[in-house]
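Read off the chains here:
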Amino acid sequence: MTLFTPPYFRIKKLAALVLLACGSLAAAAQEITCSTPPTPADLIPSEPAIAPPLICSQTYNVRVNIHFMQTADGTGNFDQFNDGHPDNPDPGVTGYDYAEALVWAANGQMDINPPLTVAPGSSLTPLPKRIRLLLNGVYFHRNDALRNYDDLMNPSAYIIDGHNTINVFITEVPLDNQGYPLVGPRKGGVAKQVSYCGMTGNSNLWTCIVSPWTGWVAPVRRQAWEYASVLNHEVGHLLGLEHTWYGASGCADAPANANCWNLNEPPVDRTGVPRCDAAAKVSNNMMDYNAQQKSLSPCQLNKLYRNLEGCLANFVHSCSNCMPALIRYSLPHPKVRTTTNIVLDGRASFAEQWFKMEVDRVDSQNQIIAGTHFEVSHWRAMAVENLSSQYPFLAGNRYRIRVTGAASCGGPVAEQIDYTSIGTGF
Ligand SMILES: [Zn+2]
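Bear in mind the structure is a predicted one, so any value in this text is a computation, not a measurement.

1. Looking at the overall build of the protein
Now for step 1: In terms of regular secondary structure, the protein is built from 6 helices and 15 strands.
Now for step 2: Put simply, of all contacts in the protein between residues at least 6 apart along the chain, 71% involve residues at least 24 apart.

2. Some details on the nonpolar core
Now for step 1: Formed by 71 residues in total, the largest nonpolar core has its most connected members in Val64, Leu102 and Leu231.
Now for step 2: The leading source of residues in this core is helix α2 (residues 95–110), at 8 residues.
Now for step 3: When residues of this core are assigned to domains, at least three map to each of domain 1 (2–39 + 55–319) and domain 2 (336–422).
Now for step 4: When residues no more than four places from it in sequence are discounted, the contact partners of Leu231 are Leu102, Ala106, Val168 and Ile209.
Now for step 5: Counting 5 residues, the second-largest nonpolar core is a separate cluster that includes Cys260, Trp261, Val282 and Tyr289.

3. A word on helix α5 (residues 228–238)
Now for step 1: Taking burial as the measure, the 11 residues of α5 include 11 buried ones, the bulk of the element.
Now for step 2: Residues of α5 that are buried: Ala228, Ser229, Val230, Leu231, Asn232, His233, Glu234, Val235, Gly236, His237 and Leu238.
Now for step 3: Of the residues trailing α5, Gly240 is marked for its positive phi of about 120 degrees.

4. A closer look at unusual backbone geometry
Now for step 1: Across the junction of Ala119 and Pro120, the peptide omega takes the value 0 degrees, indicating a cis bond.
Now for step 2: Residue Glu265 is joined to Pro266 through a cis peptide bond whose omega torsion reads -5 degrees.
Now for step 3: Structurally, Pro266 is set in the loop between α5 and α6 (298–308).
Now for step 4: Although it is not a glycine, Asp161 sits at a positive phi angle of roughly 60 degrees.
Now for step 5: Mapped onto the secondary structure, Asp161 falls in the loop between α3 (144–147) and β5 (166–171).
Now for step 6: Phi is positive for Asn259, close to 55 degrees, though the residue is something other than glycine.
Now for step 7: Mapped onto the fold, Asn259 is located in the loop between α5 and α6.
Now for step 8: Looking at Asn259, the number of C-beta atoms within 10 Å reads 24, which means it is buried.

5. Topic: the packing of α2 against α5
Now for step 1: Contact geometry for α2 and α5: axes closest at 8 Å, N-to-C directions at 75 degrees. Regarding the angle of α2 to α5, the classification is roughly perpendicular. Contacts from Leu102, Ala105, Ala106, Gly108, Gln109 and Met110 of α2 reach α5 at Ala228, Ser229, Leu231 and Asn232.
Now for step 2: Its residues placed into classes, the contact of α2 with α5 shows 6 nonpolar, 4 polar and no charged.

6. Things to note about α6
Now for step 1: Listed as buried for α6 are Gln300, Lys303, Leu304, Arg306, Asn307 and Leu308.
Now for step 2: The elements touched by buried residues of α6 are β3 (60–70), β4 (131–142) and β8 (316–319).

7. A look at the environment of Ala407
Now for step 1: You can see Ala407 is positioned in the loop between β14 (398–406) and β15 (414–422).
Now for step 2: Looking at Ala407, the number of C-beta atoms within 10 Å reads 20, which means it is buried.
Now for step 3: Taking the C-alpha atoms as reference points, Ala407 and Pro324, separated by 83 residues in sequence, lie 6.3 Å from one another.
Now for step 4: Filtering out sequence-adjacent residues up to four positions away, Ala407 remains in contact with Cys322, Met323, Pro324, Ala325, Ala351, Glu352 and Gln353.

8. Regarding the environment of Ile112
Now for step 1: Looking at the secondary structure, you find Ile112 in the loop between α2 and β4.
Now for step 2: Each C-alpha atom, one on Ile112 and one on Arg130, is 9.9 Å from the other, the two residues being 18 residues apart in sequence.

9. Structural notes on the pairing of β14
Now for step 1: Two strands pair when backbone bridges link them, and strand β11 (residues 354–362) and β14 are joined in this way by 9 bridges, in the antiparallel orientation. Residue Trp354 lies in a different strand from β14, and its bridge partner there is Ala406.
Now for step 2: Relative to β15, β14 is paired through 8 bridges, and the arrangement is antiparallel. Each residue of the ladder has a partner; that of Ile401, found in β15, is Asp418.

10. Some remarks on the confidence of the model for the protein
Now for step 1: Per-residue pLDDT for the protein averages 86, and the proportion of residues at 70 or more is 85%.
Now for step 2: Long-range and interchain partners of residues 1–31, a stretch whose pLDDT sits below 50, account for 69 contacts in this model, where long-range means more than four residues apart.

11. Some points on the environment of Tyr98
Now for step 1: Along the chain, the position of Tyr98 falls in helix α2.
Now for step 2: Accessibility expressed as a C-beta count within 10 Å gives 24 for Tyr98, which makes it buried.
Now for step 3: For the pair Tyr98 and Asn82, spaced 16 residues apart in sequence, the C-alpha separation works out to 9.9 Å.
Now for step 4: Beyond its immediate chain neighbours, meaning those up to four positions away, Tyr98 contacts Phe78, Val93 and Ala224.

Quick notes on the rules
- Residues numbered from 1 in each chain as written.
- Predicted model: local features only at pLDDT ≥ 70, side-chain atom pairs only at ≥ 80, totals over all residues.
- Helix = DSSP H or I, 4+ residues; strand = E, 2+ residues; numbered from the N terminus.
- Contact = placed C-beta atoms within 7 Å.
- Core = buried A, V, L, I, M, F, W, Y, C linked by C-beta atoms within 7 Å.
- Buried ≥ 20, exposed ≤ 12 C-beta atoms within 10 Å, placed from the backbone.
- Domains from an automatic or database assignment.
- Axes fitted to C-alpha atoms, helices over the stretch in contact; angles between N-to-C directions.
- Parallel < 35°, antiparallel > 145°, perpendicular 65-115°, else oblique.
- Nonpolar A, V, L, I, M, F, W, Y, C, P; charged D, E, K, R; others polar.
- Pairing = 2+ DSSP bridges.
- pLDDT = per-residue confidence, 0-100.

Here it is in structure tokens:
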């Protein structure tokens, strides 16, 4: 029932609920709801009149993990191999591909900050939004209960690196007995909390995003970018921002507003009074529910930056306008191998525009044996790399594998090192 209740009917009800939840798309009206509970006004810190200067003058690169929640048999979401379509799975769009597309799209929306439409923010010159998401890992889980979204779900048992990385769970609507979504896509999510420095619990930040896969397999395919504003909205909560429409954002330049989806949408409020009949009433704030969700006020940005230099500093990988690369590969076999077939699955790497694979034979103390070095580099993203087709791994030996990579804009070199033995006796 509540699945398709338009948000403007849900508002009062949600205000009364102590739910840690956020968002759903009403199928007919394309409206995003968010049921993150309002923080009591007396707990919202006001901005200090004189604040110390910020340390980071470039971009805060904030780590996120993406988790795809599948059914117990691995269906009903993107997976490692394809898009999970029930009848016609597309190997060209894996969960790795979708996660990257979603994060890049979210960052694309962070690249812009259109002028606010609601006064007094509308009189201010927009400031750059100096926050980007850095995809730290992509994970796949099989759990029927935690695949199907509901407002009270708590997938925190699957959090990885929760003190340093925001964990984003891709959750879906239930399936019918053919493996198709039982209802249309919702668009929204659940944010665990709004973070304030000085309060406890500013770790293990997580959010659920609802129905990217359901939208993907829908007759009218929804692309990853259509969920970008939802992801940014939820991350906005986790990094310290309230909704603005009900007037408790703590930011005078992002005041209470009618929370209109668009001009004349909805046309009237519940008593029949025109509600969204002027452009100045239609917020484009990222923290309201509207068709834009791309703008943040100077005060909102300042709140985010203060948190990212305060209690949430662990979540910041780096302060840099060059998106740093991350190298993430796995050896899809046990550490002690009985085969010389060594394949590196590097699809969870992020933002790398070149990478280099190095192999050295090592002794049992992991000391490199001279004369055994091999390396190969490529100007492209890391994929599934068959290393054994390029290096003659021999049974009965132990090897060091090192992969480095970076973005072409000059960011730091990322690396991952593994040791692997082939055969037994090591
Ligand atoms: Zn929200």
